[in-house]
Amino acid sequence: MDAHFSTLTRLQDALGPNGWTRDPDLIAPHLVEWRDRWSGNTPLMLMPSTTGEVEIILGICHEAGLAVTTQGGNTGLVGAQIPLGEVLISTKRINAIRAIDPVDDAIIAEAGVILSQVHDAAHQIGKRFPICLASEGSATIGGLISTNAGGVHVRRHGMMRAQVLGLEAVLPNGTRYDGLSVLRKDNTGYDLKHLFIGAEGTLGFVTAATLKLVAQSPFTTVALLALDTPEQAVRLLHRLEAQTGAVAAFEVMNRLGVELAQKNCANMAVPFGNVPKWLALVEFEGPDPDLAVRVETALMAAMEEGLVQEGVVAQNQMQAKSFWALRENMSAAQKPEGAAAKHDVSVPVSKIPAFLVQADQAARQIVPGCRIVAFGHCSDGNIHYDVIQPQGVSAQSFQGLVPALNEAIHDVVMSLNGSISAEHGIGVSRREEFLRREPASHLAMMRAIKAALDPHNIMNPRVLL
Ligand SMILES: Cc1cc2nc3c(=O)[nH]c(=O)nc-3n(C[C@H](O)[C@H](O)[C@H](O)COP(=O)(O)OP(=O)(O)OC[C@H]3O[C@@H](n4cnc5c(N)ncnc54)[C@H](O)[C@@H]3O)c2cc1C
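Residues numbered from 1 in each chain as written. Predicted model: local features only at pLDDT ≥ 70, side-chain atom pairs only at ≥ 80, totals over all residues. Heavy atoms only, no water.

A. The site of the ligand, seen in detail. Near the ligand there are 35 residues, and of these Thr70, Thr75, Gly76, Ser135 and Thr140 occur at the shortest range. Take serine 135: an N or O atom from its side chain is 2.6 Å from an oxygen atom of the ligand. Here glycine 151 contributes a backbone N or O atom positioned 3.4 Å from a nitrogen atom of the ligand. In isolation the ligand has 980 Å² of accessible area, and contact with the protein removes 95% of it. Breaking the shell around the ligand down by element, the ones donating at least two residues are strand E3 (68–71), helix H5 (141–147) and strand E10 (205–212). Ranked by residues supplied to the shell around the ligand, first place goes to H5 with five residues. The class makeup of the residues in the shell around the ligand is eleven nonpolar, 22 polar and two charged. (Near = heavy atom within 4 Å. Polar contact = N/O pair within 3.5 Å; in protein donor to acceptor, adjacent residues only side chain to side chain. Areas by Shrake-Rupley, 256 points an atom, 1.4 Å probe, with all protein chains shown as cover. Helix = DSSP H or I, 4+ residues; strand = E, 2+ residues; numbered from the N terminus. Nonpolar A, V, L, I, M, F, W, Y, C, P; charged D, E, K, R; others polar.)

Okay, structure coming up:
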């Protein structure tokens, strides 16, 4: 009997009939992803429901040298969660909220709990979990931890790494790392939980985490502002922070991004006569009932100084939601426009204007007539820089230029001391470039950790390293 065939049978037997499937119709949605960029295959999908079951199946895989790919909500944007022949392990049945405590300000959620469920649970006890992203209806706690996800509140609250107090994981050899602490201070040696955060599933299977909660902000104000230049956006960000102390999110969108949202998505109203060159979407939050007044005073001063051309402060929640809908549809709006080369980059905030000028020059030189959508998290320097194929040019000939385009954009990023992956990770899509650009000493440290924890290279073996 084929060795892997008997291992697959052992895995099935270990989980029982509810814990696995080979049904192609049930597996199919797990083999493709949101942007239709990757499709995969797997001989078997496992769906363990407890940490103990994960220990057993990883123990079997380790012993047999059988590779696995872990999948949470399948919203990752770098292809890491799509198996290519490996056994697929889904976290969908490890999905309990084990505890929530308003005094410790902490929630213990299992890997398959969806982000919006954590938001709801926190809300029910008068608290908040500050990681917010457009995929929050599907992205899971295990996926958010494994990608060290960011989102729109990073400058104020930090990335996912900053929210994790403790963590439980199963190592590739099937043993448990039991670190579900609720402590905010613990200096006893290496902080091992950080190995799993941002590891993209290469060092172990995260089963649960203790996450920090924060106080709800009783007052919020959302403003949509028309700007002429990215320089104005950067100056405005610092001005508003200094004057209000309450900037929770500061997102920017360029004109083409907004125009495509209006063209390709329903109900995308912009409250200005013409779509401005740049829009800034600013969310303020705080405990102070005078917040709205302070915000309006700061915005009036910015307008008088010429930093802002026009602005609208949302009058109610519905209007605030409509401003956010514009921002959240920046990616979806590009889909009908054809092929696009996407870049999830970060540079120091002060360098955003220089990045945009230099990247535009490089992109237009390599792909004359290309259409550029730039948007994202201005407050932490993370710009999503998407280059869409020119109209009238075939997707195929555009794709031929994409490697040179990526190289040129990332050269600009590196020359400004930035990062070629700000929040989505490396996955399979940026792996080759990461291995080429990352300093050899960093790679050697990462490989040493990988070899120590996963000597048979069974966990997400095509990802990252
Ligand atoms: C519309 C949209 C908007 C987005 N916006 C943002 C954004 O603003 N900021 C941002 O950072 N990301 C964003 N993303 C990307 C994505 O939502 C995040 O990367 C998210 O963290 C992935 O979570 P997931 O549960 O879907 O993980 P998956 O896509 O299933 O997996 C992602 C990675 O995590 C690994 N993994 C998953 N679960 C586990 C586990 N339990 N143990 C070990 N490894 C595991 C997988 O193997 C894979 O390497 C967006 C995606 C979409 C589609």
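B. Quick look at the side chain of lysine 193. Mapped onto the elements of the fold, lysine 193 is located in helix H8 (residues 193–196). Apart from the residues lying within four places of it in its own chain, the contact partners of lysine 193 are Val164, Leu165, Gly166, Leu167 and Tyr177. (Contact = heavy atoms within 4.5 Å.)

C. Region of interest: the layout of surface pockets. Of the volumes computed, that of the second largest pocket is approximately 860 Å³. The wall of the second largest pocket is formed by 32 residues, among which Arg161, Gly198, Phe434, Met446 and Leu464 lie closest to the centre. When contributions to the lining of the second largest pocket are tallied by element, the ones reaching two or more residues are H5, H8, helix H15 (431–437) and helix H16 (440–453). Among the elements that line the lining of the second largest pocket, the one with the most residues is H16, at five residues. Considered class by class, the residues forming the lining of the second largest pocket number 15 nonpolar, eleven polar and six charged. Built from parts of two domains, the lining of the second largest pocket gets at least three residues from each of domain 2 (97–215) and domain 4 (338–427). (1 Å grid on protein atoms, 1.4 Å probe; cavity = no way out; pocket = protein on both sides within 12 Å on 5 of 7 lines; lining within 4 Å. Points joined across faces, edges and corners; volume = space filled by probe spheres on them. Domains from an automatic or database assignment.)

D. Focus on the packing of aromatic side chains. According to the stated counting rule, one finds two aromatic pairs in the structure shown. Taken together, a centroid distance of 5.3 Å and an interplanar angle of 70 degrees make the contact between phenylalanine 355 and tyrosine 385 edge-to-face. You can see phenylalanine 355 sitting in helix H13 (residues 352–366) and its partner tyrosine 385 sitting in strand E18 (residues 382–388), a full 30 residues away along the chain. The residues phenylalanine 355 and tyrosine 385 share a single accessibility class, namely buried. Note that lysine 335 overlies the ring of tryptophan 34, its terminal NZ or CZ placed 5.2 Å from the centroid. (Phe/Tyr/Trp six-rings, centres within 6.5 Å; stacked < 30°, edge-to-face > 60°. Buried < 20%, exposed > 50% of the residue type's maximum accessible area, 1.4 Å probe, protein only. Lys NZ or Arg CZ within 6 Å of the ring centre and 35° of its normal.)

E. Structural context of the packing of H13 against helix H14 (residues 395–415). Axis separation between H13 and H14 bottoms out at 9 Å; the angle between their running directions is 160 degrees. Judged on the interaxial angle alone, H14 and H13 are roughly antiparallel. When the axes of H13 and H14 are compared, the crossing they make is right-handed. Across the interface between the two elements, Phe355, Gln358, Ala359, Ala362, Ala363 and Ile366 of H13 pack against Leu401, Ala404, Leu405, Ala408, Ile409, Val412, Val413 and Ser415 of H14. Its residues placed into classes, the contact of H13 with H14 shows twelve nonpolar, two polar and no charged. (Axes fitted to C-alpha atoms, helices over the stretch in contact; angles between N-to-C directions. Parallel < 35°, antiparallel > 145°, perpendicular 65-115°, else oblique. Left-handed = near helix turned anticlockwise from the far one by under 90°.)

F. Here's a closer look at the nonpolar core. Of all hydrophobic cores here, the largest spans 49 residues; its most connected members are Leu225, Leu236, Leu240, Phe250, Phe284, Phe355 and Tyr385. Top element by residues in this core is H14. It accounts for six residues. Looking at which domains feed residues into this core, each of domain 3 (219–328) and domain 4 (338–427) gives three or more. Ignoring anything within four residues of it in the chain, the contact list for phenylalanine 284 reads Phe219, Thr220, Thr221, Ala223, Leu240, Thr244, Ala246, Val247, Ala248, Leu291 and Val295. (Core = buried A, V, L, I, M, F, W, Y, C linked by side-chain atoms within 4.5 Å.)

G. Spotlight on the packing of helix H9 (residues 230–244) against helix H11 (residues 291–304). Where H9 contacts H11, the axes come no closer than 10 Å and their chain directions differ by 140 degrees. By the angle between their directions, the pair H9 and H11 is classed as oblique. Along this stretch, H9 crosses H11, giving a crossing that reads as right-handed. Taken together, the residues of H11 that come into contact with H9 (itself represented by Leu236, Arg239, Leu240, Gln243 and Thr244) are Arg294, Val295, Ala298, Leu299, Ala301 and Ala302. Broken down by class, the residue content of the contact of H9 with H11 amounts to seven nonpolar, two polar and two charged.

H. Representation of the domain arrangement of the protein in the model. Domain parsing of the protein yields domain 1 (3–90), domain 2 (97–215), domain 3 (219–328) and domain 4 (338–427). The C-alpha-based centres of domain 1 and domain 3 are spaced at 43 Å.

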